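Each chain, letter by letter, is given below.
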Amino acid sequence: MLLSGLAGCSVKDTAEATVSIPRPAAGMKPGGVSPAKEAADAAIVGKIEIDGSSTVYPISQAVAEEFMKEHPKVTVRVNISGTGGGFKRFKEGDLDICDASRPIEKNELEACQKNNVAFVDLKIGIDGISVVVNPQNTWCKALTVEQLKTLWQAGSKLKTWNELDPSFPNQKIILYGPDTDSGTFDYFTEVICGKRGNSRTDYTPNSNDNVLIQGVQGDAGAIGYFGYAYYVLNKQTIRALPIAPKDGAPVAPTDETILNGQYKPLSRPLFLYVSKKALARPETVAFVKFYLDRGPSLVKEVHYIPLPAQGYEESRSRFKAAISE
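Read on for a plain summary of the structure. (Residues numbered from 1 in each chain as written. Predicted model: local features only at pLDDT ≥ 70, side-chain atom pairs only at ≥ 80, totals over all residues. Heavy atoms only, no water.)

1. Examining helix α3 (residues 82-90)
Counting buried positions over the nine residues of α3 gives seven, a clear majority of the element. At its buried positions, α3 is contacted by β1 (46-52), β3 (97-100), α4 (106-114), β4 (119-128), α7 (183-193) and β12 (267-275). (Buried < 20%, exposed > 50% of the residue type's maximum accessible area, 1.4 Å probe, protein only. Helix = DSSP H or I, 4+ residues; strand = E, 2+ residues; numbered from the N terminus. Contact = heavy atoms within 4.5 Å.)

2. A look at the environment of L233
Assignment of secondary structure puts L233 in the loop between α9 (228-232) and β10 (239-240). Of the residues examined, L233 reaches a relative accessible area of 30% and is grouped as partly exposed. In the structure, L233 is positioned 69 residues away from V302 in sequence and 9.0 Å away in space, judged by C-alpha atoms.

3. Let's talk about the sheet that holds β1
The mixed open sheet is built from five strands, whose spatial order is β2-β1-β3-β12-β4. Of all strands in the sheet, those bounded by a partner on one side alone are β2 (74-78) and β4. For this sheet, the mean angle separating the axes of adjacent strands, direction not counted, is 20°. Direction of pairing for β3 relative to β12: antiparallel, over a ladder of four bridges. Note that in β12 the partner of A100 across the bridge is F271. (Pairing = 2+ DSSP bridges. Axes fitted to C-alpha atoms, helices over the stretch in contact; angles between N-to-C directions.)

4. Digging into the nonpolar core
With 82 residues, the main nonpolar core has I223 and F287 as its most contacted residues. A total of eight residues in this core trace back to one element, the largest contributor, which is helix α11 (residues 282-301). Setting aside its immediate chain neighbours within four residues, F287 contacts I48, I50, V63, A64, F67, V76 and I97. (Core = buried A, V, L, I, M, F, W, Y, C linked by side-chain atoms within 4.5 Å.)

5. A look at the environment of V285
With respect to the helices and strands, the residue V285 is situated in helix α11. Considering only alpha carbons, one finds V285 and K320, 35 residues apart in sequence, at a separation of 9.6 Å. Residues within four places of V285 in sequence aside, it is in contact with L279, F319 and I323.

6. Comments concerning helix α8 (residues 209-217)
Taken residue by residue, α8 has D209, N210, L212, I213, G215 and V216 as its buried positions. Looking at the packing, one finds that the buried side of α8 touches β5 (130-133), β7 (174-178), β8 (204-206), β9 (222-226) and α9. Regarding α8, its N-cap is N208, as a side-chain oxygen of that residue lies 2.9 Å from the backbone nitrogen of N210 further along. (Polar contact = N/O pair within 3.5 Å; in protein donor to acceptor, adjacent residues only side chain to side chain.)

7. Here we look at the pattern of salt bridges
Taken as a whole, this structure holds 23 salt bridges when the rule is applied. Across the pair D202 and K159 runs a salt bridge whose closest N-O atoms are separated by 3.1 Å. Of the two residues, D202 is situated in the loop between α7 and β8 and K159 in the loop between α5 (145-152) and α6 (161-164); the sequence distance between them amounts to 43 residues. Between R316 and E313 there is a salt bridge, with its nearest N and O atoms 2.9 Å apart. Within this pair, R316 and its partner E313 are both found in helix α12 (residues 309-324), separated by three residues, close to a single helical turn. When salt bridges that share partners are traced, they join R102, E105, E108, D186, E190 and R196 into one network. (Salt bridge = Lys/Arg side-chain N within 4 Å of Asp/Glu carboxyl O.)

Set out below in structure tokens:
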């Protein structure tokens, strides 16, 4: 797995209690599953191909593993090529589901329309892009959006921390971030640097967020950004910076601040883009339904933020409309 501790999660109840187990109804197996449904589930056969966002990957991988336990004749393969990389395949009709950490862009939508790739987009969780530094960095307690822009925008010549703030030491800044196929890169540069893609190029890019983490862990002057879940799982060896929006005080990324919107402008929704052609197959319908039903608990399990209940109801409604067309 590319993200140790995130993939392969299963939802387990660890609390011990004495309960009364009701006798199954006639014709039902323990657990309330009818033989007919069990047979129908076992009869689902096929393959599902997912690619795209490294941020969404841990959720989709966790859902895929749980789904395949119940549907052993279905193979769900989850890849990582970044949101942009996923959409490159999706718009060519080469993908069943695209994981995305940003909405589809105009040129990608036009390519889908040209290639007759119809789809439904579903929100499945919330992320808060985390800006992190090495724990040996004792001087930087928080940054403003304007400071992040000054540091990361195209043409920036900042090389040392004291050039960012005179109170900081004359320590070389080492930059780590997602590559240009990443939806995280697109979102960060748009809300921080003022324009999508408006980023300096003299940084270490990678589509594997674990590589970015290792880079920040290895140098006292390092700073990087990536999805919240990757920070949570590595918070013993990296430190997230509170970020001050233009109209407020610094706010650290937490479950609460991301969900309620206080962690701005770096909170964002996460998406699945599902091909309607793929929804003609029963294995894809079953998988997406499973995703929306079990997704809220698994989103939390892999350290992202579940949508409010209404958000999942809206996604279920969009999904039901798509399969009834």
